[in-house]
Amino acid sequence: MISRRGVLSAGAAGSAALGLAACSGGSGGSDPTDTEANADKTITLWIMQGTNAKTDEYVDAITKAFKDKTGATLKVEVQPWDGAHDKFVTAMSGGTGPDVAEVGTTWVPEFADAGGLDPLTKDVDEAGIGDGLVQGLVDAGTLDDELYGMPWYAGVRSILADRKILEDAGVTEQPASWDDLLSMIETLKKKNPDIIPFPVAGGSIFAGMPFVWGAGGDIAAESGGKWKATINSTESVEGITWYTDLALKHDASTAAASSWLETDSLAAFQQGKVAMFITGSWVPATIKADDEDLYKRLVAFTIPAKDKAVAPSFLGGSLLCRFTETEEPELAFELIKLMSTGELATKWAKETNYFPGEQKALDQVVSDGDDLTKVFAQQMTEGGTTVPVTPAWGQIEGKKTLSTLFSDILGGTDAKQAADAAATEMDKIFGG
């Protein structure tokens, strides 16, 4: 296991993190529903900017609900995503963090390992809500068998397409395998050579990873508390090769897409240059706001695995975490529970077009949703997965190891050679 303190790169951050771990849990002891006793108490919450267009309305709702339930005051601070990671690190180092915060799924292991987050396992078990959570988000928030992040909301990637382009080409069925997907692509290319059938976006690792996972491969594996890269395994290379060959051998993409991000694929799709592409469950709402006519033509498919209709796809999103310096751990968890379960969980999900982290709320959103929602939900419930749950992942992400892997192959590097290079870089980070 990577040692504590090492993940907060500055020395001062490491020392502070060790101190935080020693005092985990705060002084606490209060009854979170004793409204009279809690009247003079204040809990601080950080949530991220830009996810919800109705953030002000949501803040009003959660502030009132928290006051009604606990008697305490809720102070909400909306933080920009840009620079948020470093702001969290600084706050943990100086003991100036919030009581509760929204934390991206891939940051939770790092912050937990640094000693900045309280474990929530006992609280969740005592509240009787542990069995009703979306498993992929639970996995993302768990380190060393302790839950540090309560599932709040999630998004997943599937295939989005322009129904008119597909109908004109006669390809409208859900692909049940890679062979089916390739057949769709080849038909689209033949029927409309001016359209990019399926961009292979080199800058988007989560568009490529379903093919690695769909071949039975993975990014890395843990054994005895130590992680080792498996991105260069036979299965992983098979998936990488099949995906990149869509561009290199089947002309499904364009040379320019070798450096595309998902936003570039979306822009080309909105311009009518792309027939279908891999994108997030939150994107249809973006398209609807920009182009109602295009939105009405949207159709979604699950990303297929090698031999079945649903491949694993990255389940990203945010978790709610309790920070170790809180002096009111019971009130802090009451806030987490209020936001992540019941009506307020469903409210947030509907307003943001993300999926809630509570299975009951997810079922309600899917039941009330359209066909697009149901496809993305199927991808999430049957295939939602996460990256290696290790503090080292942040460094791998920062080095752009996997996006470099895909872009190098699209630029002409042999797939096995590129995968070996990526594995070597990852193993150095895992062993650091």
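Residues numbered from 1 in each chain as written. Predicted model: local features only at pLDDT ≥ 70, side-chain atom pairs only at ≥ 80, totals over all residues. Heavy atoms only, no water.

The name an unreviewed UniProt entry gives the protein chain is Sugar ABC transporter substrate-binding protein, with Brachybacterium kimchii as the organism. Turning to the protein chain, the UniProt annotation filed under Sequence similarities (unreviewed entry) states: "Belongs to the bacterial solute-binding protein 1 family." (UniProt positions renumbered as here; feature names shortened; annotations may be inferred.)

A few points about the packing of helix α16 (residues 359-368) against helix α17 (residues 371-383)
Two elements in contact, α16 and α17, have axes separated by 9 Å at closest approach and are oriented at 150°. Here α17 runs roughly antiparallel to α16, going by the angle between their axes. On the side of α16, the interface is formed by Q359, L362, V365, V366 and S367, while α17 contributes T373, K374, A377, M380 and T381. Per-class residue counts for the contact of α16 with α17 are five nonpolar, four polar and one charged. (Axes fitted to C-alpha atoms, helices over the stretch in contact; angles between N-to-C directions. Helix = DSSP H or I, 4+ residues; strand = E, 2+ residues; numbered from the N terminus. Parallel < 35°, antiparallel > 145°, perpendicular 65-115°, else oblique. Contact = heavy atoms within 4.5 Å. Nonpolar A, V, L, I, M, F, W, Y, C, P; charged D, E, K, R; others polar.)

Overview of the nonpolar core
In this structure, F198 and I231 are the most contacted members of the largest nonpolar core, which totals 58 residues. In terms of residues, this core owes the most to one element, helix α20 (residues 415-430), which gives eight residues. By size, the runner-up hydrophobic cluster in this structure holds 50 residues, among which are V103, F269, A300 and F323. (Core = buried A, V, L, I, M, F, W, Y, C linked by side-chain atoms within 4.5 Å. Buried < 20%, exposed > 50% of the residue type's maximum accessible area, 1.4 Å probe, protein only.)

Focus on the environment of P329
With respect to the helices and strands, the residue P329 is situated in helix α14 (residues 329-340). In sequence terms P329 and V100 are 229 residues apart; their C-alpha atoms lie 9.3 Å from each other.

Describing the environment of S367
Following the sequence through the fold, S367 ends up in helix α16. Given a relative accessible area of 53%, S367 falls into the exposed group. Counting along the chain gives 180 residues from S367 to T187, while the straight-line C-alpha distance between them is 34 Å.

Some remarks on the pairing of strand β9 (residues 226-229)
Examined bridge by bridge, strand β8 (residues 220-223) and β9 share four bridges and lie antiparallel to one another. When the bridges of β9 are listed, A221 appears paired with K228. Hairpin connection between β8 and β9: a loop of two residues separates the two successive antiparallel strands, and G224 in this loop has a positive phi of roughly 60°. (Pairing = 2+ DSSP bridges.)

Structural notes on the packing of aromatic side chains
Evaluated as defined, the whole model comprises 21 aromatic pairs. Centre to centre, the rings of W81 and W107 are 5.8 Å apart; their planes meet at 65°, and the pair counts as edge-to-face. Of this pair, W81 sits in the loop between β2 (73-79) and α3 (84-94) while W107 sits in the loop between β3 (100-104) and α4 (108-113), and the two are 26 residues apart along the sequence. With a centroid separation of 5.7 Å and an interplanar angle of 10°, the aromatic rings of F88 and F323 are classed as stacked. Pair noted here: F88 is in helix α3 and F323 is in the loop between β13 (316-322) and α14, with a separation of 235 residues, a long-range link. With a relative accessible area of 1%, F88 lands in the buried category. You can call F323 buried: its relative accessible area is 1%. One residue, K87, lies across the ring of W46, its end atom 5.4 Å from the ring centre. (Phe/Tyr/Trp six-rings, centres within 6.5 Å; stacked < 30°, edge-to-face > 60°. Lys NZ or Arg CZ within 6 Å of the ring centre and 35° of its normal.)

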